[in-house]
Amino acid sequence: SEFPFGEVGVKILPRSGRITFVMKLLQAALKKGDTESFVLVTGSADIQRLFIKSGLPTILFGYPQPSITELPFIDRDSFAAGRLLAQSLLHRQSRSLMILMRERLLPRDHLLVDGVLTEATHHGMSLKSIFFRSVEEDDQSVRAEVATFLKRHKPPYGLLVQSGRLALSAEPVIRLECRSEKHAIAIADCAFQHPIMSRQLHLRFSNTYKEIGRQIGRLLQKTIANKVATGESVTLPVRVQAPD
């Protein structure tokens with residue numbers, strides 16, 4: 001809606017040869033003159049630098065790599081997400097907390113963890129009661145990590161899971177092992193759609209996806225018009241949705 005006369009295309013980065021793919025994409029775009037602009041979804045530091053070097057209007061939907069300061073970006077408030085999720089678990093009397101993250105962490109993920117730790121320590125929780133692990137999204141690996149947490153810590157348990165896929169593997173274990181103990185699961189995934197979301201605490205954007213799309217479009221418009229500040233960002237607020 002922000003580009004009523006524009007054409008929108010989607011390019012998926014290949015698993016291998018990404019740098020070559022992006023270079024060819026940018027070379028083709030540069031030949032077209034001023035008609036091309038980009039919304040980059042995350043991407044490695046090398047890829048983000050290629051878009052910056054091209055001079056083509058580019059914004060990032062996600063959080064930039066630590067060395068990238070030039071790209072305007074739009075992303076969720078990950079620190080607030082961590083605080084809100086931890087707060088929800090602590091309100092359910094969780095005395096032991098597990099933070100279960102994907103094996104490959106993205107730049108914004110540390111903000112989520114920082115938010116959790118800030119809220120937990122604010123409520124007087126000892127760091128000894130907080131168990132942090134990053135794990136491959138493999139069913140058996142997730143189950144093993146959750147089982148280890150349950151053996152080492154005291155109930156009531158709180159499990160903060162980064163992705164919906166991790167939650168699907170973790171839920172059966174904590175249900176089986178905690179039949180007589182209180183537990184709560186919070187899922188830090190704004191987009192995951194599955195019946196598990198009706199059973200557990202989970203994160204959602206405060207805005208609709210259409211509203212987020214408009215915000216992306218407006219930021220890109222400012223970038224095209226050269227009216228955007230270096231590293232300008234838009235923060236997307238989030239909320240915690242309670243189980244049905």
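That block above? That's the structure.
Quantities reported herein were computed from a predicted structural model and do not represent experimental measurements.

**Student:** Mind showing me how you'd approach the overall build of the protein here?
**Tutor:** The secondary structure content of the protein amounts to seven helices and ten strands. Structurally, the protein occupies a C-alpha span of about 65 × 35 × 30 Å along its principal axes. Looking at the protein as a whole, 42% of its 244 residues are labelled buried. Contacts spanning at least 24 positions in sequence make up 68% of the contacts within the protein whose residues lie at least 6 apart. Carbon together with sulfur atoms contributes 50% to the accessible area of the protein, which is approximately 13,500 Å² in total. Looking at the protein, you have 33 positive and 24 negative side-chain charges, and the mean spots of the two groups are 2 Å apart.

**Student:** What is the right way to look at the side chain of Ser96 in this model?
**Tutor:** Among the secondary structure elements, Ser96 is positioned in strand β4 (residues 96-102). Classification of Ser96 by relative accessible area gives buried; the value is 4%. A distance of 2.4 Å separates a polar atom in the side chain of Ser96 from the backbone oxygen of Lys154. Not counting residues up to four positions away in its chain, the partners in contact with Ser96 are Met125, Ser129, Phe149, His153, Lys154, Pro156, Tyr157 and Gly158.

**Student:** In this structure, what is going on with the sheet that holds strand β8 (residues 201-205)? I would like to understand it.
**Tutor:** Read from one edge to the other, the open sheet built from six strands follows the order β5-β4-β6-β7-β8-β10, with strand pairing classed as mixed. What marks the edges here is a single partner per strand, and that holds for β5 (130-135) and β10 (238-241). Shown here is a sheet whose adjacent strand axes are inclined to one another by a mean of 20°, direction ignored. In terms of strand pairing, strand β7 (residues 183-187) meets β8 through two bridges, oriented parallel. Within β8, the position partnered with Ile187 by the bridge is His202. Helix α5 (residues 139-152) contacts β4, β5 and β6 (157-161) of the sheet and is inclined by roughly 170° relative to β5.

**Student:** How should I be thinking about the layout of surface pockets in this particular structure?
**Tutor:** It is the rolling of a water-molecule-sized probe over the atoms that shows where space remains empty. Estimated volume of the second largest pocket: approximately 300 Å³. Forming the walls of the second largest pocket are 15 residues, and the residues nearest its centre are Leu56, Pro57, Thr58, Pro72 and Thr223. Class assignment of the residues belonging to the lining of the second largest pocket gives a composition of nine nonpolar, five polar and one charged.

**Student:** Which parts of the structure should I look at to understand the nonpolar core?
**Tutor:** For soluble globular proteins, nonpolar side chains are generally found buried alongside one another. Counting residues in each nonpolar core, the largest one holds 31 residues, and the members touching the most others are Leu85, Leu89, Ile99 and Leu160. If you list the elements that add at least two residues to this core, you get α3 (78-91), β4, α4 (109-122), β7, β8 and α7 (209-224). Broken down by element, the residue count for this core peaks at five residues, all from α3. Aside from chain neighbours lying at most four places away, what touches Ile99 is Val113, Val116, Leu117, Ile130, Phe131, Phe132, Arg133 and Leu160. Ranked by size, the runner-up nonpolar core spans 22 residues in total, among them Phe131, Val142, Tyr157 and Leu166.

**Student:** Please clarify how helix α1 (residues 18-31) should be interpreted in this entry.
**Tutor:** For an α-helix, the turn length of 3.6 residues means that residues three or four places apart are oriented alike. With 14 residues, α1 should cover 20 Å at 1.5 Å per step; its first-to-last C-alpha distance of 20 Å lies within 8% of that length. Buried residues along α1 sit in contact with β1 (38-41) and α2 (45-54). Among the residues trailing α1, Gly33 stands out with phi positive, at a value near 85°.

**Student:** Explain the sheet that holds strand β2 (residues 58-61) here, please?
**Tutor:** To summarise the sheet geometry, strands pair through backbone hydrogen bonds and adopt either a parallel or an antiparallel arrangement. Judged by pairing direction, the sheet is parallel, and its four strands sit side by side in the order β1-β2-β3-β9 without closing on themselves. Two strands close off the open sheet at either side, each with one partner strand: β1 and β9 (233-236). Averaged over neighbouring strand pairs, the angle between their axes works out to 20° when direction is ignored. Relative to strand β3 (residues 73-76), β2 runs parallel, the two being bridged by two bridges. Bridged to Phe61 within β3 is Ile74.

Rules used throughout
Residues numbered from 1 in each chain as written. Predicted model: local features only at pLDDT ≥ 70, side-chain atom pairs only at ≥ 80, totals over all residues. Heavy atoms only, no water. Helix = DSSP H or I, 4+ residues; strand = E, 2+ residues; numbered from the N terminus. Buried < 20%, exposed > 50% of the residue type's maximum accessible area, 1.4 Å probe, protein only. Contact = heavy atoms within 4.5 Å. Areas by Shrake-Rupley, 256 points an atom, 1.4 Å probe, with all protein chains shown as cover. Lys, Arg positive; Asp, Glu negative; His and termini not counted. Charge placed at Lys NZ, Arg CZ, Asp CG, Glu CD. Polar contact = N/O pair within 3.5 Å; in protein donor to acceptor, adjacent residues only side chain to side chain. Pairing = 2+ DSSP bridges. Axes fitted to C-alpha atoms, helices over the stretch in contact; angles between N-to-C directions. 1 Å grid on protein atoms, 1.4 Å probe; cavity = no way out; pocket = protein on both sides within 12 Å on 5 of 7 lines; lining within 4 Å. Points joined across faces, edges and corners; volume = space filled by probe spheres on them. Nonpolar A, V, L, I, M, F, W, Y, C, P; charged D, E, K, R; others polar. Core = buried A, V, L, I, M, F, W, Y, C linked by side-chain atoms within 4.5 Å. Expected span 1.5 Å × (residues − 1).

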